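A structural walkthrough
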Amino acid sequence: MPTPSGTPVPPDGAGVAASRVRFLTGGPVEVAQVRAPILASWQRSCDLEVSADRIEMSYVRDPDLDTPLTRASEPVMRSLGEQLDGQSISIVLTDPSGLVLRRLTADSGLERHLDKVLLAPGFSYGEEFVGTNGIGTALEAGGPIRVFGHEHYAEYLENLACAGVPIQHPVSGRTIGALDLTCWRKDAGPLLLTLARTTADQIRQALLADTGAHQLELFQEYLRACRRMTGVVFAMSSDVVMLNDYARTQLDPADQAALLAQAAEAAAAGQRGPILVRLPTGTPARMYCRPVRAEEEHSGVVVHVKLGDSDNPPVVRRAVATPMLLPGLVGSAPLWLRACDEVERLFRAGEWLAIGGEPGVGKLALLRAVQLRRQPVGRFSVLDGDGTTDRQWVTDLRRALLDNADNVVVQHVDRLDARRLRLLSTALQDASNADRDRRLWVAVTLQHAAEGKELGRLLRLFPSTVEVPPLRLHLEDLPQLVSFFLARLGHGGQLTCSPAAMQLLLRAPWPGNVEQVYQVLRQVAQHRRAGSIEPGDLPPELRTLSRRLLNPLESMERDAIVHSLLDAGGNKAKAARSLGMSRATIYRKIHEYGIVAPSS
């Protein structure tokens, strides 16, 4: 049969190869020589400090091959593999992070090469690991893409061509994976992407066929409500949340989160409405809930919301609307998104989780948001050992684990003494062995790595640890965070931040992370309740900053110097040696970045 890659076409060409070299060496790139999606991906790869001259990654984990995606894709991939038997094309399925789940390759030479470059199950081909490629770039861009030869960021992939297509769930619309076809660059043709699109569509159809009656009935009722009604419409169940375009683009994220939480409570109580709600931005709303049933069982609820009252309809301000990643959360930086996706994945898998990070990074907020997205009607319990007696601690813990909670978070386990750590470990083991009607999911939060025998014993009950990045490593999210917090604090969305004040906020070090940002803005909102925040409204410590805004690479260099100075007890010569730089260079960098070195 003819090759599905079509009539071979000339590879990417010398112009792209030369442009890549100039890009990597800091020279000017002629835009006409490189396609815009590829150039944008190169820049993302550079910002993430991906190695261009070698493939560097570790085995992530064993793929989960018992998911709706893997089950639906298996016959589709097997059928395509039979059609391509003997041809140098590999069929690759990944999860939404780029982790390879399954690979089918008929050609032994191509298979050996893919093993060499680690395009294999258990390894991730997300852009943050290998740079521009058909899998990671398709997932990052959110659409089909082909990457040929020198368009790859890593030079070890230059002899390959790939076409990747994200796979969206047919009901929720969420990206749940990607389908990639990879072949030798010399064999690549225009039909490669067409074949990848067709295969991805077949997998979506197979997913739709496997979708349960409950999800389909909820989805159909949601579509009917969207056609009949104007304004805010959303649907939710224990597995999915769907919002119409009006709700996503016009409502502030804080208002979205409030409506979802109120709808979950109303559904649990069997309320239909009208339910009067005062949203965080100050807008009044009336909410109408309609339960959806399929096969005599509860499938979820469809909700219609009317904003404002009949005499004073609301004024929607697009300026304060911020895209919502998860209910009540904002941010789009890669490190932040990776942490959110990983927590959500582990929640869906039912795997108990330890979540780490500096104080104020948003560990509990992230756990609450994932629970609200994935199990909005579930009961969520938070426990903290600080300030309670041992007897009360044990009582509250066992009540949550054994009686009345679906999801339990134990905060600050690294602060617990040995006795409470032993009590917690025993209670968790008892809960995991208990006969419960509903699945129990447990997460613990901590700031520091495991230290001590009892904490290490406890963490053995939690197979995975997710680190939430400090704000300084995703500072590009600060403008969204400021808009989000001001919508909560600004009495109806009337308070905004001027560009000059934003520049001062961006230059601050934020050792207290996201929580510190909120507290600063709360302090400002106490005396500035409307209008625009100017530099003079900010606390004195923020007004006196004069350092320039660092780019991501400079921020990483600054952090490396700070850590080396701390490790060296403030000895600059020792810190310079550990970093492989001269004393003159480290002195210049300390001055340039405004680093206050510890006393030696």
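Scroll up to find the structure.
Throughout what follows, the structure given in this document is the object of discussion.

Before going further, it helps to spend a moment on the sheet that holds strand S3 (residues 145-148). Within the open sheet, the five strands sit side by side as S2-S1-S5-S4-S3. Their pairing is antiparallel. Whereas interior strands pair on both sides, the edge strands pair on one side only; in this sheet they are strand S2 (100-105) and S3. Strand-to-strand, the axes of this sheet are offset by a mean angle of 15 degrees, without reference to chain direction. Pairing analysis gives nine bridges linking strand S4 (residues 160-168) to strand S5 (residues 175-184), with the strands arranged antiparallel.

A separate point is the packing of aromatic side chains. In this structure the tally under the stated criterion is six aromatic pairs. Taken together, a centroid distance of 4.8 Å and an interplanar angle of 70 degrees make the contact between Phe347 and Trp441 edge-to-face. Highlighted residues: Phe347 in helix H11 (residues 334-349) and Trp441 in strand S14 (residues 441-446), separated in sequence by 94 residues. The residues Phe347 and Trp441 share a single accessibility class, namely buried. Residues Phe484 and Phe485 carry aromatic rings whose centres are separated by 5.6 Å and whose planes lie at 40 degrees to one another, so their mutual orientation is tilted. Residue Phe484 shares its accessibility class with Phe485, and that shared class is buried. Sitting over the ring of Phe148, Arg146 keeps its end group 5.2 Å from the ring centre.

For the rest of this paragraph, the subject is the pattern of salt bridges. For the structure on display, the rule yields 20 salt bridges. The residue Arg78 makes a salt bridge to Glu74 at a minimum N-O spacing of 2.6 Å. Pair noted here: Arg78 and Glu74 are both in helix H3 (residues 68-83), with a separation of four residues, about one helical turn. A salt bridge links Glu454 to Arg457, with the nearest nitrogen and oxygen atoms 3.6 Å apart. Taken as a pair, Glu454 and Arg457 lie in helix H15 (residues 453-459) at a separation of three residues, close to a single helical turn. Note on Arg457: relative accessible area 28%, which makes it partly exposed. Among the charged side chains, a network of salt bridges with common partners joins Arg61, Asp95, Glu342 and Arg345.

Before going further, it helps to examine the pairing of S4. Among the nine residues of S4, eight are classified as buried, and the element is accordingly described as predominantly covered. Sheet topology places S3 next to S4; four bridges connect them, and they run antiparallel. Looking at S4, one finds that Phe148 is bridged to Ala161.

Each value, and the rule that gives it
- Residues numbered from 1 in each chain as written.
- Predicted model: local features only at pLDDT ≥ 70, side-chain atom pairs only at ≥ 80, totals over all residues.
- Heavy atoms only, no water.
- Pairing = 2+ DSSP bridges.
- Helix = DSSP H or I, 4+ residues; strand = E, 2+ residues; numbered from the N terminus.
- Axes fitted to C-alpha atoms, helices over the stretch in contact; angles between N-to-C directions.
- Phe/Tyr/Trp six-rings, centres within 6.5 Å; stacked < 30°, edge-to-face > 60°.
- Buried < 20%, exposed > 50% of the residue type's maximum accessible area, 1.4 Å probe, protein only.
- Lys NZ or Arg CZ within 6 Å of the ring centre and 35° of its normal.
- Salt bridge = Lys/Arg side-chain N within 4 Å of Asp/Glu carboxyl O.

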